[in-house]
Amino acid sequence: MGRFVLRRLGTMLLTIFVVLFINFALIHLAPGDPIRILSGLDNPSEEMIQNLRERYGLDKPWTIQFLTYLKQLAHGDLGRSIINDQPVGPQIFEKLTATLVLTLTATIAAFVLGTVLGTFSAFHYRSKLDAILSFFAYLFYSMPSFWLGLMLMLVFASWLKILPTSGMVSLREQQQGLGYVLDVVRHLILPSTTLALVYAPVYYRITRASVIQTLDEDFVTTFLATGLSKSQILRKYVLRNAILPTVTMLGLHLGYVVTGAALVEIVFAWPGMGRMMLDAVFRRDYPLLTGIYLMISVSVAIAIFITDIIYSVLDPRIRYS
Amino acid sequence: MTEPILEVVDLSVSYRMPGKGEIRAVEGLSLAISSGETLGVVGESGSGKSTLASAILRLLPSNGSITGGQVIFQGTNLLLLSQEEMRQFRWKAIAVVFQKSMNALSPVHRIDEQFFDVIRVHQPSITREEFMSLAKRLLARVGLRESALQSYPHELSGGMLQRLMIALSLIHNPKLLILDEATTALDVVTQGQILREFKKLREEFSLTTIVITHDISVVAELCDKVAVMYAGQLMELGKIERILTRPDHPYTQALLASFPRLEGPRSRIEGIPGALPDLSQPRLGCVFAERCPRVLPQCQVQSPPNYHLEPDHIVKCHLAGRERTNV
Amino acid sequence: MKATYLWNRFRQSSYGLVGLILLAVILMVAAFAPFIAPYKPNELTNDLLAPPSFKHFLGTDHLGRDVFSGVVYGSRVSLLVGVTAAIISAILGTMIGALAGYTGGIVDELISKFVDIFLMIPTFFLILIVVVLYGNSLFYIMLVIGGTIWPANARLMRAQALTLRERAFVKAAITLGESQFRILLKHIIPNGIYPIIANTTLQMAGAILTEAGLSFLGLGDPNTPSWGKMIFEGRSYIQTAWWTSFFPGSAIVLTVMAFYFIGDGLNFALNPKLKEKGAWE
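What you see is a predicted model; the values in this text were computed from it and never measured.

Basis of the calculations
Residues numbered from 1 in each chain as written. Chains lettered and ligands numbered in written order. Predicted model: local features only at pLDDT ≥ 70, side-chain atom pairs only at ≥ 80, totals over all residues. Heavy atoms only, no water. Helix = DSSP H or I, 4+ residues; strand = E, 2+ residues; numbered from the N terminus. Rg over C-alpha atoms; globule rule 2.2 N^0.38 Å. Buried < 20%, exposed > 50% of the residue type's maximum accessible area, 1.4 Å probe, protein only. Contact = heavy atoms within 4.5 Å. Areas by Shrake-Rupley, 256 points an atom, 1.4 Å probe, with all protein chains shown as cover. Lys, Arg positive; Asp, Glu negative; His and termini not counted. Charge placed at Lys NZ, Arg CZ, Asp CG, Glu CD. Salt bridge = Lys/Arg side-chain N within 4 Å of Asp/Glu carboxyl O. Pairing = 2+ DSSP bridges. Phe/Tyr/Trp six-rings, centres within 6.5 Å; stacked < 30°, edge-to-face > 60°. Lys NZ or Arg CZ within 6 Å of the ring centre and 35° of its normal. Buried area = accessible area lost by both parts, 1.4 Å probe. Polar contact = N/O pair within 3.5 Å; in protein donor to acceptor, adjacent residues only side chain to side chain. Nonpolar A, V, L, I, M, F, W, Y, C, P; charged D, E, K, R; others polar. Axes fitted to C-alpha atoms, helices over the stretch in contact; angles between N-to-C directions. 1 Å grid on protein atoms, 1.4 Å probe; cavity = no way out; pocket = protein on both sides within 12 Å on 5 of 7 lines; lining within 4 Å. Points joined across faces, edges and corners; volume = space filled by probe spheres on them. Disulfide = S-S within 2.5 Å.

1. Some points on the overall build of chain B
Part 1: In terms of regular secondary structure, chain B is built from 11 helices and 12 strands.
Part 2: Against the compact-globule benchmark of 20 Å for 327 residues, chain B has a radius of gyration of 21 Å, which places it among compact chains.
Part 3: When its C-alpha atoms are laid out on the principal axes, chain B stretches across 65 × 50 × 45 Å.
Part 4: The burial tally for chain B puts 55% of its 327 residues in the buried class.
Part 5: The contacts in chain B between residues at least 6 apart in sequence include a share of 63% that link residues at least 24 apart.
Part 6: Of the accessible surface of chain B, which amounts to about 14,700 Å², a share of 50% is contributed by carbon and sulfur atoms.
Part 7: Separation of charge centres in chain B, based on 35 positive and 35 negative side chains, amounts to 2 Å.

Here it is as structure tokens:
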């Protein structure tokens, strides 16, 4: 087991390294002068050119540049944003919380919704209910998240006026304590529902297929022959065997928890990383962009690593591969 | 013959297949087994022998249904019981060893845990210690070390798994044990070992066994009596020595002829030309008629009754009727 | 001939058939767009933000452009991007996967490692950055999407190659001295391609959604009408003119669903085990 963990750890670190390299390579392979890209200006001043040259070591061979880059990273220096000349790192973390609130809620909701309905469908395989649920799973899975968000906003915020249109908190009054929490929750409902509806079908399909397959396994027949009650077979043996692919999916998803909501955040003006990413993209704020990309990649690599470990705990067959 | 422990009377089982209609997997099957006996049930694939096992345990898939007959176990017709009442019989009275499967047990749970759950179905208040000592003794009887209990199924070899499943089947000391192709998926060497060990177990536990297999050599090794099935019907039933040496039914004869012998004059191995009839079509006449080398005109139009040539010998063939009048 | 067998199986899948019909309709619409659309997609009329009517079936947007025509022409972009990106991914994935699976040994290990790492890289953002840096023409978008989703196909093909290379006809070819390249091209890939075909329909669906997302962010090709762009532009007017965003989005949903349905049908066709209920019920 220990060797397994070590090997997975190694893969994770290797991945992060590769990501760093890609990050670095993109800027240097892009058409155009790196200085122009880094400064964001067409005609940077001589002083700025010198400044950037020094900081990034642009006149040195690229191997040295890469090492400089790594060294900077080790110091937590992700560069400065072009737009506001603030360090990139703190900016990202500021917006990160809002994004995490949204995506974690949505992912968990999607997981619960999809898994429960998927299991239900599997038990009623080929019934009318199963057919209807499967169709809706397809339907929601086919929807662009931003479009669904817009439509939900239209119906519930504009027409029915029961939920706020955008933002994370009401701008009119500043609430404290419990009021603040409730306010956030009210604002959270539409965007997280949107995301949950778009993600849930994946869990639904995986769980449904897995449960159907597990119900067909030989040990189910064995246990039925021994007189074990159906509910006990279900709860203990079928679920534990069937849950494995779903857990993998959840783990992967949690890794993307940091990135996946950008489109929905923009639709609902949720003050998370989505808006920041978009601005960075349009202003060509490259240091900010790479900083974001780096963080996303690292969180994905870590999430995959943790998922692998958890999976190996659940499935003893994996530990020796 | 003493009162039979299990009596199957005129059993019929069908499956509903989409696009094919009703498939008659078992038709009018009757057999009986007495305490201490070992009855073999042989046939090719599709003969209905495995369906027999599922029907006895009432574990047919949802598209299968018992369309007629009785299964009388120690006086109780199992077919009339509810699933809940059936649970009382499962494993405690009748147990099964299935064909070797790496997934015969849950791959993600430890073996002792699964065994513990099984024993508590009928002994809910057994303590962990009592269980462990029972399990260890049982494992020792089948030649497994107690470390197997702490393992996961995938850590055992095929042969060890089958021994484990045999141990599991004996956990409640069942009155009737069904071996459903239990040695089929094993290599010949392991199969031999397990058969030998099983003979010892049979004595120790005074087992009554039904051995379902396509392999006549297994039947020859283990059984007192054997039932030969074809296309869901019983062709011949009799004592093992009689069946092996002087079979009466043409199908049995052809079946035996298709097995090579170790001793005796070398002869060509004959297959049986033709194929299983379409089980979804109702049939006039004998089900084996189209492949029978000794077919008579009446075989095509009249299904033969079960002739009792001797008290323990049944043959479903018109040829047998010519020798004796039926009882 | 395996093709007829697959088609017969496919025909049994209702989802597959519906998807096929739906896709056929959409293809027709895209192909005959100039004949179907009453207006040019960028044609400005005097009816601004007009609700659906006989004159404008699906209404108009803030510039007076006919929504119906936009939807019709937009199908071209979506189909083009979806199909091309998925095909790029299929070609890349098949070649790399077949090479890895068939060759085995150190080559396989290296390639597999590379694929694993690639899989861990969050792709949407990578596409975003590449599009920002390298330009947002349709060409780049298709290339980049295809260049990021191929690992799934590589994995599928590798598994197939691993099995196929043990088959008798492949071993026979090796004995006969056929070159590795020929074996890959003639035996391995044609026989192992089927799961990739099913997966490609799914990837087409995903690529369409990705392109829509990019257009929605304003990163799509500015010159071509696209459903994502229409939703983006309609967003500001959503409260008063919901049709500007609703219909392009519905078009996306229908198209994506068509591909998913076909994928479902293909999966069914490729899987010989018809699911039956066990003793559970």
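2. With respect to the overall build of chain A
Part 1: Tallying secondary structure elements over chain A gives 13 helices and 0 strands in all.
Part 2: Moving toward the C terminus, one meets the helices and strands of chain A in the order α-α-α-α-α-α-α-α-α-α-α-α-α.
Part 3: Buried residues in chain A amount to 53% of all 321 residues.
Part 4: Taking as baseline every contact in chain A between residues at least 6 positions apart, the subset at least 24 positions apart corresponds to 72%.
Part 5: Total accessible area on chain A stands at roughly 15,000 Å², and carbon and sulfur atoms take up 65% of it.

3. Some points on the pattern of salt bridges
Part 1: This model, assessed by the stated rule, comprises 24 salt bridges over all chains.
Part 2: The residue E310 of chain B makes a salt bridge to R242 of chain B at a minimum N-O spacing of 2.7 Å. Of this pair, E310 of chain B sits in strand β11 (residues 307-310) while R242 of chain B is found in helix α8 (residues 240-245), placing the two residues 68 residues apart along the sequence.
Part 3: Classification of R242 of chain B by relative accessible area gives buried; the value is 12%.
Part 4: E166 of chain C is the partner of K171 of chain C in a salt bridge, and the nearest nitrogen-oxygen pair spans 3.5 Å.
Part 5: Linked through salt bridges whose partners overlap, the residues forming this network are K236 of chain A together with E113, D117 and R120 of chain B.

4. Let's talk about the sheet that holds strand β2 (residues 21-34) of chain B
One key point about sheets: their strands pair by backbone hydrogen bonds, in either a parallel or an antiparallel sense.
Residues and elements named next belong to chain B.
Part 1: Ordered in space as β2-β1-β4-β5, the 4 strands form an open sheet in which the pairing is antiparallel. Looking at the sheet topology across the chains shown, the edges are occupied by β2 and β5 (76-77).
Part 2: Of the pairings in the sheet, the one linking strand β1 (residues 4-17) to strand β4 (residues 64-73) comprises 8 bridges and is antiparallel in character. Each bridged residue has a counterpart across the sheet, and for E7 the counterpart in β4 is I72.

5. Regarding the packing of aromatic side chains
Part 1: Taken as a whole and judged by the stated rule, the model has 26 aromatic pairs over all chains.
Part 2: A ring pair is formed by F219 of chain A and F223 of chain A, whose centres lie 6.4 Å apart and whose planes are at 65°; its orientation type is edge-to-face. Of this pair, F219 of chain A and F223 of chain A are both found in helix α9 (residues 218-225), 4 residues apart, which corresponds to roughly one turn of the helix. Neither F219 of chain A nor F223 of chain A differs from the other in exposure class; each is buried.
Part 3: A network of ring pairs unites the aromatic residues W147 of chain A together with W242, W243, F246 and F247 of chain C as a single cluster.
Part 4: Between the NZ or CZ atom of R128 of chain B and the centre of the ring of F116 of chain B, over which it lies, the distance is 5.0 Å.
Part 5: Sitting over the ring of F268 of chain C, R9 of chain C keeps its end group 4.5 Å from the ring centre.

6. Description of helix α1 (residues 49-57) of chain B
All names here are of chain B.
Part 1: Most of α1 is tucked away, with 7 of its 9 residues classed as buried.
Part 2: Residues of α1 that are buried: K49, T51, L52, A53, A55, I56 and L57.
Part 3: Looking one or two residues beyond α1, the residue adopting positive phi is R58, at roughly 60°.

7. What about the interface of chain A and chain C?
Part 1: Opposite the 57 residues of chain A that make contact, chain C presents 46 residues.
Part 2: When chain A packs against chain C, the two sides together hide about 4,900 Å² of surface, and 77% of this comes from carbon and sulfur.
Part 3: For the pair chain A and chain C, the interface holds 1 salt bridge.
Part 4: Here chain A and chain C share 6 residue pairs in polar contact (both at pLDDT 80 or more) between them.
Part 5: Among the elements that line the side of chain A that touches chain C, the one with the most residues is helix α13 (residues 286-314) of chain A, at 9 residues.
Part 6: Residue composition of the side of chain A that touches chain C, grouped by class: 46 nonpolar, 6 polar and 5 charged.

8. Things to note about the side chain of S192 of chain A
Part 1: Here S192 of chain A is to be found in helix α8 (residues 177-215).
Part 2: A relative accessible area of 10% means that S192 of chain A is categorised as buried.

9. With respect to unusual backbone geometry
All names here are of chain A.
Part 1: If you check the backbone angles, R126 has positive phi at about 70° while not being a glycine.
Part 2: For R126, the position within the fold is in the loop between α5 (88-123) and α6 (128-141).
Part 3: For R126, a relative accessible area of 52% puts it in the exposed group.
Part 4: Although it is not a glycine, A269 adopts a positive phi angle of roughly 50°.

10. Focus: the pairing of strand β9 (residues 225-230) of chain B
All names here are of chain B.
Part 1: For β9, the tally of buried residues reaches 6 of 6 residues, placing the bulk of the element in the interior.
Part 2: Taking every second residue as pointing to the same face, both faces of β9 are buried, with K225, A227 and M229 on one and V226, V228 and Y230 on the other.
Part 3: The sheet contact formed by strand β3 (residues 38-42) and β9 spans 4 bridges and is parallel. Along β9, the bridge assignment pairs L39 with K225.
Part 4: Inspection of the sheet shows β9 paired to strand β10 (residues 233-239) by 6 bridges, in the antiparallel sense. Note that in β10 the partner of K225 across the bridge is K239.
Part 5: Between β9 and β10, which pair antiparallel and follow one another directly, the connecting turn spans 2 residues, one of which, A231, has a positive phi of 50°.

11. Here's the deal with the sheet that holds β10 of chain B
Residue and element names in this part refer to chain B.
Part 1: In space, the 8 strands of this open sheet follow the order β6-β7-β8-β3-β9-β10-β12-β11, with mixed pairing throughout. With partners counted over all chains shown, the strands left at the sheet margins are β6 (94-97) and β11, one partner each. Averaged over neighbouring strand pairs, the angle between their axes works out to 20° when direction is ignored.
Part 2: On top of the sheet, helix α5 (residues 158-169) reaches β6 and β7 (176-180); it is set at about 175° to β6, its chief contact.
Part 3: Sheet contacts for helix α9 (residues 250-257): β9 and β10; angle to β9, the most-contacted strand, approximately 100°.

12. What about empty space enclosed by the protein?
All names here are of chain C.
Part 1: Applying the stated criterion across every chain, the model contains 8 cavities of 30 Å³ or more.
Part 2: Quantified by volume, the second largest cavity comes out at close to 160 Å³.
Part 3: Along its surface, the second largest cavity is lined by 14 residues, and P41, D61, R65, M230 and E233 are the ones closest to its centre.
Part 4: Elements represented by at least two residues in the lining of the second largest cavity include exactly α4 (67-103) and α11 (227-234).
Part 5: Counting residues per element, the lining of the second largest cavity draws most heavily on α11, which supplies 4 residues.
Part 6: Here the residues of the lining of the second largest cavity are counted per class, giving 4 nonpolar, 5 polar and 5 charged.

13. Some points on the environment of I208 of chain C
Residue and element names in this part refer to chain C.
Part 1: Note on placement: I208 falls in helix α10 (residues 194-216).
Part 2: For I208, a relative accessible area of 0% puts it in the buried group.
Part 3: Along the primary structure I208 and K229 are separated by 21 residues, whereas in three dimensions their C-alpha atoms are 13 Å apart.
Part 4: In contact with I208, other than residues within four places in its own chain, are S78, G82, T255, V256 and F259.

14. Some details on the state of the cysteines
All names here are of chain B.
Part 1: Applying the stated rule across the entire model yields 0 disulfides over all chains.
Part 2: C299 provides the cysteine sulfur closest to C286, a residue in no disulfide bond, and the two sulfurs are 6.0 Å apart.
Part 3: C286 sits in the buried class, given a relative accessible area of 12%.

15. Quick notes on the pairing of β3 of chain B
Residues and elements named next belong to chain B.
Part 1: Among the 5 residues in β3, 5 count as buried, and that is most of the element.
Part 2: Side chains of β3 alternate between two faces, with T38, G40 and V42 and L39 and V41 buried alike.
Part 3: Both β3 and strand β8 (residues 208-213) contribute to a ladder of 5 bridges, which runs parallel. Across the sheet, G40 pairs through a bridge with V211, a residue of β8.

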